[in-house]
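Listed here are the chains, written in short residue letters.
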Amino acid sequence: MKAGQIDFADEKVGRNIMRAAVPMFAAQTVNLLYNIVDRIYIGKIPGEGVLALGGVGLCFPLVTLITAFANLFGVGGAPLCAIERGRGNRKEAETIMGTSFAMLVYIGILLTVLGILLHRPLLFLFGASEATFPYASSYLVIYLLGTVFVMMALGMNPFINSQGFARTGMTTVLVGAAANLILDPIFIFGFHMGVSGAAVATVLSQFLSAAWVVRFLTGEKAELKLRLRTLWRVKADTVFEIVKLGSSSFVMSFTDSLVQVTCNSVLSRSGALGDVYISVMTVLNSIRQIAQTPVMAVTDGASPILSYNYGAKAYENVKKAIRFITLSCVGYTSIAWFFMFRFPEMFIRIFNQDEQLLLTAVPAMHVYFFAFLFMAFQYAGQATFKAMNKAGFAIFFSLLRKVVIVVPLTLLLPQVGRIGVMGVFLAEPISNVIGGMACFLTMLHVVRNELRADGKEAKKRK
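Residues numbered from 1 in each chain as written. Predicted model: local features only at pLDDT ≥ 70, side-chain atom pairs only at ≥ 80, totals over all residues. Heavy atoms only, no water.

**Considerations on the packing of helix α7 (residues 166-190) against helix α8 (residues 194-217)**
1) Next: Orientation of α7 relative to α8, taken along the N-to-C sense of each, is 155°, at an axis distance of 8 Å. Taken as axis vectors, α7 and α8 run roughly antiparallel relative to one another. The element α7 and its partner α8 pack so that their crossing is right-handed.
2) Next: Here the residues of the contact of α7 with α8 sort into 14 nonpolar, 10 polar and 1 charged. (Axes fitted to C-alpha atoms, helices over the stretch in contact; angles between N-to-C directions. Helix = DSSP H or I, 4+ residues; strand = E, 2+ residues; numbered from the N terminus. Parallel < 35°, antiparallel > 145°, perpendicular 65-115°, else oblique. Left-handed = near helix turned anticlockwise from the far one by under 90°. Nonpolar A, V, L, I, M, F, W, Y, C, P; charged D, E, K, R; others polar.)

Below, the structure is given as structure tokens:
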């Protein structure tokens, strides 16, 4: 073991998960600052805050799509890398990491070109108006120029964590986020660039994060090395295996993008307050991202530990990890829900203090976060399926919650009785209850049966 590296085989599973999760929580919290700080500063631009906030919110579907492709190869490759590392297959683990890096670069270039060419029709499709389009366009075009850096930083950092270097993974995000915190006010207010300045600051910050990741993975400290020559040695079968596992995370992010498009499209047609409602949804999405970060940190911190012990057939450690992430996530979401329900204005005012926005956002927030607790079950189930290389189940439940439940309800509920526009916000808690419990209960059934069957087979061999 190298200095700062976590021993995934240690039977103190809860402690190991927290050792991985705490730095990851810090990293993910700081990572939120890339976009959250942008929104906070943008929402406070004098005389333009509400419209500018709505304009940036219209960019979320494309920003989320970029994240989806980063997850496809990063989250898809890292568990496979951890499994092979657990089996002692170092060469194969490095091949998986190198292939993921190559695909992140190639897809990043493709998304940059297509995004810039098609950004105008896409933004109007997403619900832009003549008032919000200039803000959305100014932000998105500049952000797209940094797509490759975003994908390298997001997609390769899981490979640092999968080797047990959680603190280094945290530093990856800290480097860029610290730069973003400093550069945002300079470009937005100091250089009077407004929304464009926020995008420039974000791109420069992601470049620094990407440079840090590549430097570490090609350096001496890394156990598994990134060989840059793999850019030209991509193997189709390795890509297929990565995509097969990463498709669950891709589908989760892609369906998030689909939901955002659907919500903004319906809200934009809700009359004179259409642009305000889009700004409200931007704020609620931002609050949700903040609130769900600890859940993501615990489940992401558990993922390499689950994968390693599953690959090493240490099934008692697998069971301990599942119990730990479930109990900790349910406990946290219960506490978070109480504070969001009791003090909604405190969270909303972080982004904007416009009275019309507050009047509209408070009841919407109460509805939107009503079943926040059940999100914990969705994350626990999804994380376990992904860590154990069961992509089919993870994909199915991503589609069930977002495509089968949220999108249809977003379109239908506003037409029912007097629900009106509040139906857009009601779709989220309904999907959390149905989708979250279905995913979790299925995961328990599948995992219990598999571990039991493998245990019996092991006894027979003895």
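Moving on from the coordinates now.
**Thoughts on the packing of helix α3 (residues 60-87) against helix α10 (residues 274-311)**
1) Next: Axis separation between α3 and α10 bottoms out at 8 Å; the angle between their running directions is 15°. Between α3 and α10, the interaxial angle falls into the category roughly parallel. In this structure, α3 crosses over α10, and the sense of that crossing is right-handed. On α10, the residues that touch Phe-60, Pro-79, Ala-82, Ile-83, Arg-85, Gly-86 and Arg-87 of α3 are Thr-282, Ser-303, Pro-304, Ser-307, Tyr-308 and Gly-311.
2) Next: When grouped by side-chain class, the residues that make up the contact of α3 with α10 number 6 nonpolar, 5 polar and 2 charged. (Contact = heavy atoms within 4.5 Å.)

**Focus on α10**
1) Next: Approximately 40° is the largest bend angle found in α10, and it occurs at Gln-292, with the proline Pro-294 only one to four residues beyond.
2) Next: Burial within α10 is extensive, with 33 of its 38 residues counted as buried.
3) Next: Just downstream of α10 lies Lys-313, where phi reads positive at about 60°. (Bend = angle between axes of the 7 residues up to and from the residue. Buried < 20%, exposed > 50% of the residue type's maximum accessible area, 1.4 Å probe, protein only.)

**Section: the environment of Asn-309**
1) Next: When you line up the elements, Asn-309 lands in helix α10.
2) Next: Judged by its relative accessible area of 2%, Asn-309 falls in the buried class.
3) Next: Separated by 79 residues in sequence, Asn-309 and Met-388 place their C-alpha atoms 9.5 Å apart.

**Structural notes on the nonpolar core**
1) Next: Ranked by internal contacts, the top residues of the largest apolar core, which has 134 residues, are Met-156, Leu-284, Ile-287 and Phe-425.
2) Next: Looking at which element gives the most residues to this core, the answer is α10, with 15 residues.
3) Next: Excluding residues that lie within four positions of it along the chain, Phe-425 makes contacts with Leu-267, Tyr-277, Val-280, Met-281, Leu-284, Ala-364, Val-367 and Tyr-368. (Core = buried A, V, L, I, M, F, W, Y, C linked by side-chain atoms within 4.5 Å.)

**A short note on the side chain of Thr-333**
1) Next: By the element assignment, Thr-333 lies in helix α11 (residues 315-342).
2) Next: In terms of polar contacts, Thr-333 uses its side chain to reach the backbone carbonyl oxygen of Cys-329, at 2.9 Å.
3) Next: Sequence-distant contacts of Thr-333, defined by excluding residues within four places in its chain, comprise Val-295, Phe-372, Leu-373, Met-375 and Ala-376. (Polar contact = N/O pair within 3.5 Å; in protein donor to acceptor, adjacent residues only side chain to side chain.)

**A word on the side chain of Asn-157**
1) Next: Locating Asn-157 in the fold gives a position in helix α6 (residues 147-161).
2) Next: Those residues within four positions of Asn-157 in sequence are excluded, and the remaining contacts are Met-152, Gly-169, Thr-172, Val-173 and Val-213.

**As for a nonpolar patch on the surface**
1) Next: Judged by side-chain polarity, Ile-109, Leu-110, Val-113, Leu-114, Leu-117 and Leu-118 come together as a nonpolar surface patch covering roughly 560 Å² of accessible area.
2) Next: When you line up the elements, Leu-117 lands in helix α4 (residues 90-125). (Patch = residues over 30% accessible without salt bridge, like charges linked within 9 Å, V, L, I, M, F, W, Y side chains within 5 Å. Areas by Shrake-Rupley, 256 points an atom, 1.4 Å probe, with all protein chains shown as cover. Salt bridge = Lys/Arg side-chain N within 4 Å of Asp/Glu carboxyl O.)

**Looking at the environment of Ile-322**
1) Next: Examined against the element boundaries, Ile-322 turns out to sit in helix α11.
2) Next: Sequence separation between Ile-322 and Thr-168 is 154 residues, and the spatial gap between their C-alpha atoms is 25 Å.
3) Next: Residues in contact with Ile-322, not counting those within four places in the same chain, are Leu-306, Thr-384, Met-443 and Val-447.

**A look at unusual backbone geometry**
1) Next: The phi dihedral of His-192 falls on the positive side, at around 55°, and the residue is not glycine.
2) Next: For His-192, the position within the fold is in the loop between α7 and α8.
3) Next: Classification of His-192 as exposed rests on a relative accessible area of 70%.

**Remarks on the packing of aromatic side chains**
1) Next: One pass over the structure, following the stated rule, counts 20 aromatic pairs.
2) Next: Consider the rings of Tyr-139 and Tyr-143, whose centres lie 6.0 Å apart with planes at 20°: the pair is stacked. Taken together, the residues Tyr-139 and Tyr-143, both in helix α5 (residues 133-145) and 4 residues apart, mark about one turn of the helix. Summarising the burial analysis for this pair, Tyr-139 and Tyr-143 share the class buried.
3) Next: Judged by centre distance (5.1 Å) and plane angle (65°), the ring pair of Phe-377 and Phe-440 falls under edge-to-face. A residue pair is termed long-range when its members are at least 10 positions apart, and Phe-377 in helix α14 (residues 375-387) and Phe-440 in helix α16 (residues 422-461) qualify at 63 residues. You'll find Phe-377 and Phe-440 in the same group, each marked buried.
4) Next: Members of the aromatic cluster, joined through ring pairs, are Phe-385, Phe-393, Phe-396 and Phe-397. (Phe/Tyr/Trp six-rings, centres within 6.5 Å; stacked < 30°, edge-to-face > 60°.)

**Regarding the confidence of the model for the chain**
1) Next: Within the chain, residue pLDDT values average 85, and 92% of them lie at 70 or more.
2) Next: Per-element confidence in the chain is highest for α5, whose mean pLDDT is 94, and lowest for helix α1 (residues 13-43), whose mean pLDDT is 71. (pLDDT = per-residue confidence, 0-100.)

**A look at the state of the cysteines**
1) Next: Taken as a whole and judged by the stated rule, the model has 0 disulfides.
2) Next: Left unpaired, Cys-439 is separated from the closest cysteine sulfur, that of Cys-329, by 12 Å.
3) Next: Owing to a relative accessible area of 0%, Cys-439 belongs among the buried residues under this scheme. (Disulfide = S-S within 2.5 Å.)

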